[in-house]
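Listed below are the residues making up each chain.
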Amino acid sequence: MRLAELVVGELAPVSLTVAPGEILCLSGPSGSGKSRLLRAIADLDAHGGEIWLGELCQSRVKGHCWRGWVMLVPADSQWWGERVGDHLGRGLDGQGEALGFPAGVEDWQVSRLSSGEKQRLALLRAWSRQPRALLLDEPTANLDPQLTGKTEAWIRHWARQAGLPVIWISHDPGQIARVADRHYRIHDNRLERDHGSD
Ligand SMILES: Nc1ncnc2c1ncn2[C@@H]1O[C@H](COP(=O)(O)OP(=O)(O)OP(=O)(O)O)[C@@H](O)[C@H]1O
């Protein structure tokens, strides 16, 4: 996935490439524009510049198609059906257990889900829809350390196996050290490479 002079909000134009299977972590102060950048890449917010996914160019693709390929998992996921299974593409095929769920989680009511369950199920929902690139906004913010570790390992395995380029927002230096192949931080409205943690 390639960002070419992407312009959103106050941020200086962003140009970078994320390789298949690579995890690029993004950090920066609260309000510095991290979520906005992901929303622009998912074509949910107005932006300048261009985004490429292989030979596909975002501006030539319908928004809903683009978001099926370049999938954003926001910090606060939205659920529209009654049951978890109403939101899935292909079946979970045992993936739920890897993130701490018992068999049959597809039949759970959305209304009973805790914030941590919602967060892990939003990742499983994304997996079931087979995206080609992944944008993660603080995907473990509501999880305890044990589930955080499991979820990090699961995402890494998925990214490597499916060859997904991943941009992952995190405030946690320990997490960045564990999962990032590359790390950028936003400083003074610019994206800067941090070589210390990758
Ligand atoms: N659509 C929008 N139009 C104008 N300003 C916006 C829009 N969306 C967000 N902002 C503002 O842009 C700034 C960056 O917001 P963003 O949500 O990207 O921050 P963030 O870096 O993800 O912060 P946090 O770490 O707190 O989640 C904030 O000041 C926010 O109020």
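Throughout this document, residue positions are counted from 1 along each chain, in the order its sequence is written. Only residues with pLDDT of 70 or above have their local features reported here, since the model is predicted, and side-chain atom pairs are shown and tallied only from 80 upward, although totals for entire chains, interfaces and linings are computed over all residues. Each side-chain value is worked out from all heavy atoms of the structure, with water and hydrogens disregarded.

The chain has the name ABC transporter domain-containing protein in an unreviewed UniProt entry, where Zobellella denitrificans is given as its organism.

What follows deals with the sheet that holds strand 1 (residues 2–7). DSSP-based pairing: two strands are paired if at least 2 bridges between them are found. To qualify as a helix, a DSSP run of H or I must reach at least 4 residues; to qualify as a strand, a run of E must reach at least 2; elements of each kind are numbered from the N terminus. Across the sheet, which stays open at both edges, the four strands sit in the order 2-1-4-5 with antiparallel pairing between neighbours. With one partner strand each, in any of the chains shown, strand 2 (14–17) and strand 5 (56–57) form the two edges of the open sheet. Contacts are assigned to residue pairs that have any heavy atoms within 4.5 Å of one another. For helices, the fitted line uses only the C-alpha atoms of the stretch in contact; every axis is such a line through C-alpha atoms, and the angle between N-to-C directions lies from 0 to 180 degrees. On the sheet, helix 1 (residues 34–41) packs against strand 1, strand 2 and strand 4 (48–53) and is oriented at approximately 115 degrees with respect to strand 1.

Here we take up the site of the ligand. Here, proximity means that at least one heavy atom of the residue falls within 4 Å of the molecule or strand. Neighbouring the ligand are P29, S30, G31, S32, G33, K34, S35, R36 and H171. The definition of a polar contact used here is a pair of N or O atoms within 3.5 Å, where within protein one atom must be able to donate a hydrogen and the other to accept one, and adjacent residues in sequence count solely through side-chain atom pairs. Within the side chain of S30, an N or O atom sits 2.4 Å from an oxygen atom of the ligand. Measuring from an oxygen atom of the ligand, one finds a side-chain N or O atom of K34 at 2.7 Å. Only the protein chains shown count as cover for residues, and the accessible areas themselves come from Shrake-Rupley with a 1.4 Å probe. Bound to the protein, the ligand loses 51% of the 640 Å² it would expose on its own. Residues of the shell around the ligand, tallied by class, amount to one nonpolar, six polar and two charged. Residue type decides the class: Asp, Glu, Lys and Arg count as charged, Ala, Val, Leu, Ile, Met, Phe, Trp, Tyr, Cys and Pro as nonpolar, and the leftover types, Gly among them, as polar.

Of note in this structure, D43 is not a glycine but carries a positive phi near 60 degrees. Whether a residue is buried, partly exposed or exposed follows from its accessible area with a 1.4 Å probe, protein chains only, as a fraction of its type maximum: under 20%, in between, or over 50%, in that order. Judged by its relative accessible area of 23%, D43 is partly exposed. Located in the positive-phi region is E138, a residue other than glycine, with phi close to 45 degrees. Examined against the element boundaries, E138 turns out to sit in the loop between strand 7 (133–137) and helix 5 (145–162). What makes E138 partly exposed here is its relative accessible area of 24%.

Now for helix 1. Because the α-helix completes a turn every 3.6 residues, residues three or four places apart line up on one side. Taken together, the buried positions of helix 1 are K34, L37, L38, A40 and I41. One face of helix 1 carries all of its buried residues, which in axial projection span an arc of 160 degrees. Downstream of helix 1 by one or two residues, D43 has phi in the positive range, about 60 degrees. Directions from the helix axis toward the C-beta atoms define the arc.

Moving on: the side chain of R125. With respect to the helices and strands, the residue R125 is situated in helix 4 (residues 115–128). The charged side chain of R125 is buried without a salt bridge, its nearest counter-charge being D76 at 9.2 Å. The residues touching R125, leaving out its near neighbours within four places in the chain, are S77, Q78, W79, W80, H87 and L88. Under the convention used here, Asp and Glu are negative, Lys and Arg are positive, and both His and the chain ends fall outside the count. Basic side-chain nitrogens of Lys or Arg form a salt bridge, by our definition, when they fall within 4 Å of a carboxyl oxygen of Asp or Glu.

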